[in-house]
Amino acid sequence: MGALILKPGREKSLLRRHPWIFSGAIERAEGEPAAGGTVDLLSSNGEFLARAAYSPHSQIRARVWTFTDEPVDNDFFRKRIHSAIAARSPFLLAEGPAVKSTDAVRLIYAESDGIPGLIVDRYADTLVLQSLTAGSEVWKETIADLLIEATGLKDIYERSDADVRELEGLQSRTGVLRGAIADSQVTIHEHGLKFLVNIAEGHKTGFYLDQRLNRQSVRELARGRDVLDCFCYTGGFMLNALAGEAKSVVGVDSSAGALALARQNVLLNGYPEKSVSFLEGDVFQLLRKFRDENRSFDMIILDPPKFAPTAAQAEKASRGYKDINLLAFKLLRPGGVLVTFSCSGGVDAALFQKIVAGAALDAGAEAQILGHLSQAADHPVSLYFPEAAYLKGLVCRKTL
Ligand code: SAH
């Protein structure tokens, strides 16, 4: 096994159990480790600190598998996978009775479950696996077998097509990994609603599982309201607004494919087509158009794509968030509710709240926070890896 020897003093983050080692912290490599191979991380005076996967092409040069001097082998991954899956049931039950009925759950969330680079989502009887790093790539086939063993399911679809793979020197790969998946459209159940999920072409692994609890919040607040769902994707929030007896629901997205699936989801749940309207277009422009037309709503949902993957893009991202939130505050009637999100890792919850406050101020609105939202419990955050907390949201009420 190869080893990476750290520069003096650079073991500090590992002693706090943060699982990443950046290239600048490494003095030298010993033993010519292969990409994704297991290496020991040693302090400058040779002490064992952790065992990790080597990523020679990435600035994140190693990701820790374990801080214990133990083998990283099939049994190691079997234990991690079983522990991750076992953690899902009690947490999901704690989210409330409605969630018990869901069959779409994130089973493995990378660093937070001690398996950096690996995401596994369950959509009904199909697993969707995403391998993002050289380390997870080396163990992918073993992990696929262990997932079949742990879940009793047969089918795994691979969605290793995220851009971050490039940083690891990995090509994109999608397709059937285990079993025979004839149809890439899977029907899932959540909170008594059904959703079609396209596991081959949908965003991420197909559906925004992280918003599960927040869909429930929207449902609870929607009654009697005229709802505008911006960045609606396949209609997750729209369907919940309908289930919560909204008066009207408008969904906006720039993707025709997403809107087509959203429309199918409306019909699949027995709502008449005329209960919603869809607008294909750019939210930034559409909100301006609505402002110029004096349109108004009682509830606006803003769930844009990631504007700032890292802190370096935070400033530009802040302008984007401010823009849409300001326009939304203008379009809201007094008593209206804004449900606004950021999934940017580079914008933390405190900064996001500041941006939303600035937007309200510039819109001339009085507003209060009714609730803070975040990712569902099947996307846990390791206490040692705060970067795993990426989704934050606010429920704001415009009072005047
Ligand atoms: N709210 C959704 C997820 C939103 S993901 C859910 O809970 O399922 C972000 C969505 O924004 C994507 O569907 C993408 O197609 C869309 N999008 C990205 N940029 C956009 C823009 N400028 N205007 C409108 N839609 C946009």
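In this text, all values refer to a predicted model and were calculated from it rather than measured experimentally.

## Let's talk about the layout of surface pockets
(1) Moving on: Within this model, the second largest pocket holds a volume of roughly 290 Å³.
(2) Moving on: Arg17, Phe67, Glu111, Gly114 and Tyr384 are the residues nearest the centre of the second largest pocket, which is lined by 16 residues in total.
(3) Moving on: Residue contributions to the lining of the second largest pocket peak at three residues, all from strand 6 (residues 60-66).
(4) Moving on: Here the residues of the lining of the second largest pocket sort into seven nonpolar, five polar and four charged.

## Things to note about the packing of helix 11 (residues 314-331) against helix 12 (residues 349-363)
(1) Moving on: Running from amino to carboxyl end, helix 11 crosses helix 12 at an angle of 45°, the nearest separation of the two axes being 8 Å. Taken together, helix 11 and helix 12 sit at an angle that is classed as oblique. Crossing of helix 11 over helix 12 shows right-handed handedness. Counted together, Ala314, Ser318, Tyr321, Lys322, Asn325, Leu326, Phe329 and Lys330 of helix 11 and Leu351, Phe352, Ile355, Val356, Gly358, Ala359, Ala360, Asp362 and Ala363 of helix 12 form the full contact between these two elements.

## So, the sheet that holds strand 14 (residues 226-230)
(1) Moving on: Here we have seven strands laid out as an open sheet, ordered 16-15-14-17-18-20-19, and mixed in their pairing. The sheet is open, and its two edges are formed by strand 16 (276-280) and strand 19 (367-374), each paired on a single side. Within the sheet, the average angular offset between the axes of one strand and its neighbour, ignoring direction, is 15°.
(2) Moving on: Here strand 17 (residues 297-302) runs beside strand 18 (residues 332-342); their pairing, made up of five bridges, is parallel. When the bridges of strand 18 are listed, Met299 appears paired with Val337.
(3) Moving on: Packed on one face of the sheet, helix 8 (residues 236-243) meets strand 14, strand 15 (248-253), strand 16, strand 17 and strand 18 and runs near 180° to strand 15.
(4) Moving on: Strands in contact with helix 9 (residues 256-268) are strand 15 and strand 16; relative to strand 16, the strand with the most contacts, it is inclined by about 175°.

## Some points on the packing of aromatic side chains
(1) Moving on: Tallied over the entire structure, the rule returns twelve aromatic pairs.
(2) Moving on: Ring geometry for Trp65 versus Phe77: centroids 5.0 Å apart, planes at 85°, classification edge-to-face. Taken as a pair, Trp65 in strand 6 and Phe77 in helix 2 (residues 74-94) lie far apart in primary sequence, twelve residues in all.
(3) Moving on: Residue classification places Trp65 among the buried residues on the basis of a relative accessible area of 2%.
(4) Moving on: Between Phe284 and Phe307 the ring centres are 6.0 Å apart and the planes differ by 45°, which places this aromatic pair in the tilted class. Taken together, the residues Phe284 in helix 10 (residues 283-292) and Phe307 in the loop between strand 17 and helix 11 connect sequence positions 23 residues apart.
(5) Moving on: With relative accessibility at 23%, the residue Phe284 sits in the partly exposed group.
(6) Moving on: On the basis of relative accessible area, Phe307 is assigned to the partly exposed category, the value being 24%.
(7) Moving on: Its end group placed over the ring of Phe290, Arg295 keeps NZ or CZ at 4.4 Å from the ring centre.

## Quick look at the site of the ligand
(1) Moving on: Near the ligand lie 14 residues; those nearest to it are Asp253, Ser254, Asp282, Val283 and Asp303.
(2) Moving on: In this structure, a nitrogen atom belonging to the ligand sits 3.1 Å away from a main-chain N or O atom of Phe231.
(3) Moving on: Between the ligand and the protein, one listed contact pairs a nitrogen atom with a side-chain N or O atom of Asp282 at 2.6 Å.
(4) Moving on: Within the complex, 89% of the 580 Å² of free accessible area of the ligand lies under protein.
(5) Moving on: Tallied by class, residues from the shell around the ligand come to seven nonpolar, four polar and three charged.

## A short note on the state of the cysteines
(1) Moving on: Counted by the stated rule, this structure contains zero disulfides.
(2) Moving on: Between Cys232, a cysteine without a disulfide, and Cys230, which holds the nearest cysteine sulfur, the sulfur-to-sulfur distance is 8.7 Å.
(3) Moving on: In this structure Cys396 is a free cysteine whose sulfur lies 15 Å from that of Cys230, the closest cysteine sulfur available.

## Points about unusual backbone geometry
The phi angle of most residues is negative, glycine excepted, and most peptide bonds adopt the trans form.
(1) Moving on: The backbone of Lys204 shows a phi angle near 50°, a positive value even though the residue is not glycine.
(2) Moving on: Looking at where Lys204 falls in the secondary structure, it is placed in the loop between strand 13 (193-198) and helix 7 (212-221).
(3) Moving on: Look at Lys204 and you get partly exposed, because its relative accessible area is 32%.
(4) Moving on: The phi dihedral of Glu245 is positive, around 65°, even though this residue is not glycine.
(5) Moving on: Examined against the element boundaries, Glu245 turns out to sit in the loop between helix 8 and strand 15.

## Digging into the environment of Val64
(1) Moving on: Among the structural elements, Val64 can be located in strand 6.
(2) Moving on: Overall, the relative accessible area of 5% leaves Val64 in the buried class.
(3) Moving on: Between the alpha carbons of Val64 and Leu49 there is a distance of 9.7 Å; along the sequence they are 15 residues apart.
(4) Moving on: Here Val64 is in contact with Leu14, Pro19, Leu41, Ala50, Arg51, Ala52 and Pro116, once residues within four sequence places are set aside.

Each value, and the rule that gives it
- Residues numbered from 1 in each chain as written.
- Predicted model: local features only at pLDDT ≥ 70, side-chain atom pairs only at ≥ 80, totals over all residues.
- Heavy atoms only, no water.
- 1 Å grid on protein atoms, 1.4 Å probe; cavity = no way out; pocket = protein on both sides within 12 Å on 5 of 7 lines; lining within 4 Å.
- Points joined across faces, edges and corners; volume = space filled by probe spheres on them.
- Helix = DSSP H or I, 4+ residues; strand = E, 2+ residues; numbered from the N terminus.
- Nonpolar A, V, L, I, M, F, W, Y, C, P; charged D, E, K, R; others polar.
- Axes fitted to C-alpha atoms, helices over the stretch in contact; angles between N-to-C directions.
- Parallel < 35°, antiparallel > 145°, perpendicular 65-115°, else oblique.
- Left-handed = near helix turned anticlockwise from the far one by under 90°.
- Contact = heavy atoms within 4.5 Å.
- Pairing = 2+ DSSP bridges.
- Phe/Tyr/Trp six-rings, centres within 6.5 Å; stacked < 30°, edge-to-face > 60°.
- Buried < 20%, exposed > 50% of the residue type's maximum accessible area, 1.4 Å probe, protein only.
- Lys NZ or Arg CZ within 6 Å of the ring centre and 35° of its normal.
- Near = heavy atom within 4 Å.
- Polar contact = N/O pair within 3.5 Å; in protein donor to acceptor, adjacent residues only side chain to side chain.
- Areas by Shrake-Rupley, 256 points an atom, 1.4 Å probe, with all protein chains shown as cover.
- Disulfide = S-S within 2.5 Å.

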